[in-house]
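Examining the three-dimensional arrangement
Chain by chain, the residues run as shown.
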Amino acid sequence: MRITAYKYRIYANKATTEKLYRVLDRCRELYNAGLQERRDAYEMGIKRHPNYYDDEQRKQLTGEHAIGYYEQKRELAGIKEERPEYQDIASHVLQDVILRLKRAFDGFFRRVQNGEKPGYPRFQGHNRYNSFTYPDRAGWKLEARERPTDKKGVVKVNLHLSKLGTVKLHLHRDLSGTIKTLTIKREGEYWYAVFTCEVGKPEALPVSHEDVGIDLGVTHFAALSTGEFIENQRYYRRAERRLKKLQKALSRKKRGSHRRKKAVQAVAKAHRKIRNQRADFLHKESHKLVNQYQVIALEDLRVKNLTKAPAPKQDENEQYLPNGASAKAGLNKSILDAGWSTFTEMVSVKAASAGRMVILVDPCKTSQVCSQCHREGPHKDLTERVHSCMHCGVVLDRDTNAAINILQSAHKQLSVGTRPTRVTA
Ligand SMILES: [Zn+2]
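Throughout, a residue's number is its position along its own chain's written sequence, starting from 1. Given that the model is predicted, a residue must reach a pLDDT of at least 70 before its local features are reported, and side-chain atom pairs must reach 80 or more before they are shown or counted; all residues, however, enter totals for whole chains, interfaces and linings. Neither water nor hydrogens contribute to the side-chain values; these are computed over all heavy atoms in the structure.

So, about the coordination of the zinc ion. Donor selection uses N, O and S atoms within 2.8 Å of the metal (3.2 Å for Na, K and Ca). Since no water is included, sites may look incomplete. Each protein donor to the zinc ion is listed here as Cys370 (SG), Cys373 (SG), Cys389 (SG) and Cys392 (SG); together their distances run 2.3 Å. Because the angles between the four donor atoms bound to the zinc ion fall within 107 to 114 degrees, the donor set is best described as tetrahedral. Taken in chain order, the donor set of the zinc ion reads C-x2-C-x15-C-x2-C. Residue Cys373 is found in the loop between β14 (357-361) and β15 (386-388), and its partner Cys389 is found in the loop between β15 and β16 (395-397); the two are separated by 16 residues along the sequence. With a 1.4 Å probe rolled over the protein chains alone, any residue whose accessible area is under 20% of its type maximum counts as buried; one over 50% counts as exposed, and the rest are partly exposed. On the accessibility criterion, Cys373 (21% relative accessible area) is partly exposed. A four-donor site is classed as tetrahedral when every donor-metal-donor angle falls between 85 and 135 degrees; four donors are called square planar, and six octahedral, when trans pairs exceed 155 degrees and all remaining angles lie between 65 and 115, with any other arrangement labelled irregular. Helical segments are the DSSP runs of H or I of at least four residues, strand segments are the runs of E of at least two, and each set is numbered from the N terminus.

Below, the structure is given as structure tokens:
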């Protein structure tokens, strides 16, 4: 069994949206009150028993009262009686708030015990506390809609949250498996439902007899050993220019003004759009590769580590010398943009569940060595786009040559010998 999360945007009317904000605020208030209580108890306790970090541990060893998860959970009934506004919130949602607090403290105690100097669990402000969770199936349900699909065939359902109202949901991705929890989350002014589902072992795809080597690059997002390319997304640059403009507009707005608030929202929205487009692109491309190929060979990015900033150089007067950092930062930025590691991760995860194999190879010399005669040529700088072999005379795109080398190293690792890899372009 494994757990998968599905995230969908939810659409709520004004009254329900207001209620969602109110629930969030009350959960935050509960969290902060619980935190205060634990902090006080911790500080009193640690003064008396400096060696017992953990509240539960201290309780066991000294018999003294401590404030832990169970104690705080028991207080919830009293809180509901005293503060009727909490009665509108499902009990399990409130229990989850207490659980979040417990997790924060567990992490804190663990780090203290490991001899680290952790920060104390923090009070949460409006902008930080942005979700609440139904830890099981109580307090909400999914309901079919009268017209269950739209023109494009996307399934639409209603999500009913008890005492809060009904929100609309577009299932642009199938919700499969057994739903375990539901989290309602705010990102900027948008709201989302995140379902975590337990899914059975996925079925492996039938074996494919094609393998592929992939060179992740800057000119193209990726070059395949077949001679094909996956191009970078152009719209991303466009979105980035728009983001810069919005950020500039934001910097001109007066602090605390209504216009500034609007501008902050616009910037957040542009960020979100870029993130979503990016993730969508990476999901689609990794899916295609896993569907088609049995062995997928990629460079090991941990070895490649191009994104590391060069160390600063200083002259004898301790003045910083140019070290090409800004030029490299430009390159690094495109690399980060391209999301190589996210992509590698996605390919690996998808391959694992489809019964396909991902092999990470040492990226050393993948662009100098000739993929056809295996002899080494001179070092190429990034502007040289063509591999033209001085030994055997083959002419290939530089990145295609690298991709074939990557596939060949993977085959060597698998000790299946070097199957001839042909360029079909
Ligand atoms: Zn050659």
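The next point concerns the pattern of salt bridges. Just to be clear on terms, a salt bridge is a Lys or Arg side-chain nitrogen sitting within 4 Å of an Asp or Glu carboxyl oxygen. Considering all chains together, one arrives at 14 salt bridges under this definition. Where Asp96 meets Arg100, a salt bridge forms, and the shortest distance between an N and an O atom there is 3.2 Å. Taken as a pair, Asp96 and Arg100 lie in helix α4 (residues 91-113) at a separation of four residues, close to a single helical turn. Each member of the pair, Asp96 as well as Arg100, carries the same accessibility label: buried. Put simply, Lys365 and Glu376 hold a salt bridge, and the shortest N to O gap is 3.5 Å. Taken together, the residues span a long stretch of sequence, with Lys365 in the loop between β14 and β15 and Glu376 in the loop between β14 and β15 at a distance of 11 residues. Take Lys365: its relative accessible area is 38%, and that puts it in the partly exposed class. Sharing partners across several salt bridges, the network here consists of Lys7, Lys185 and Glu187.

A few words on the side chain of Arg26. The topology assignment puts Arg26 in helix α1 (residues 14-48). Charge counting treats Lys and Arg as positive and Asp and Glu as negative, with His and both chain ends excluded. Buried and without a salt bridge, Arg26 has Asp88 as its closest oppositely charged side chain, separated by 4.9 Å. Whether two residues are in contact is decided by their heavy atoms: any pair within 4.5 Å suffices. In contact with Arg26, not counting residues within four places along its chain, are Glu85, Tyr86 and Ile89.

Before going further, it helps to spend a moment on the nonpolar core. Phe132, Tyr134, Leu161, Leu182, Ile184 and Phe195 are the most contacted members of the largest nonpolar core, which totals 43 residues. Excluding its chain neighbours within four sequence positions, the residues that come into contact with Leu161 are Leu20, Tyr134, Gly139, Trp140, Leu182 and Ile184. Each nonpolar core is a collection of buried residues, namely Ala, Val, Leu, Ile, Met, Phe, Trp, Tyr and Cys, held together in the definition by side-chain atoms within 4.5 Å.

Another aspect to go through is the sheet that holds strand β8 (residues 211-216). The rule for pairing is simple: two strands pair if DSSP sees at least two bridges between them. The five strands lie next to each other as β10-β9-β8-β11-β14, forming an open sheet whose pairing is mixed. Whereas interior strands pair on both sides, the edge strands pair on one side only; in this sheet they are β10 (229-230) and β14. One ladder, built from three bridges, connects β8 with strand β9 (residues 222-224); its direction is antiparallel. Each bridged residue has a counterpart across the sheet, and for Ile214 the counterpart in β9 is Leu224. Contacts between helix α10 (residues 398-413) and the sheet are confined to β8, β9, β10, β11 (295-299) and β14, with β8 contributing the most and set at about 130 degrees to the helix. Note on definitions: angles span 0 to 180 degrees between N-to-C directions of axes, and those axes are lines fitted to C-alpha atoms, for helices only across the stretch in contact.

Let us now look at the packing of aromatic side chains. Only the six-membered ring of Trp is used, alongside the rings of Phe and Tyr, when aromatic pairs are assigned; centres must lie within 6.5 Å, and planes under 30 degrees apart are stacked while those over 60 apart are edge-to-face, with the rest tilted. Applying the stated criterion across every chain, the model contains 13 aromatic pairs. When the centroid spacing of 6.2 Å and the interplanar angle of 80 degrees are considered together, the rings of Phe105 and Phe108 count as edge-to-face. Here Phe105 pairs with Phe108, and both are found in helix α4, just three residues apart, close to one helical turn. Residue Phe105 shares its accessibility class with Phe108, and that shared class is buried.

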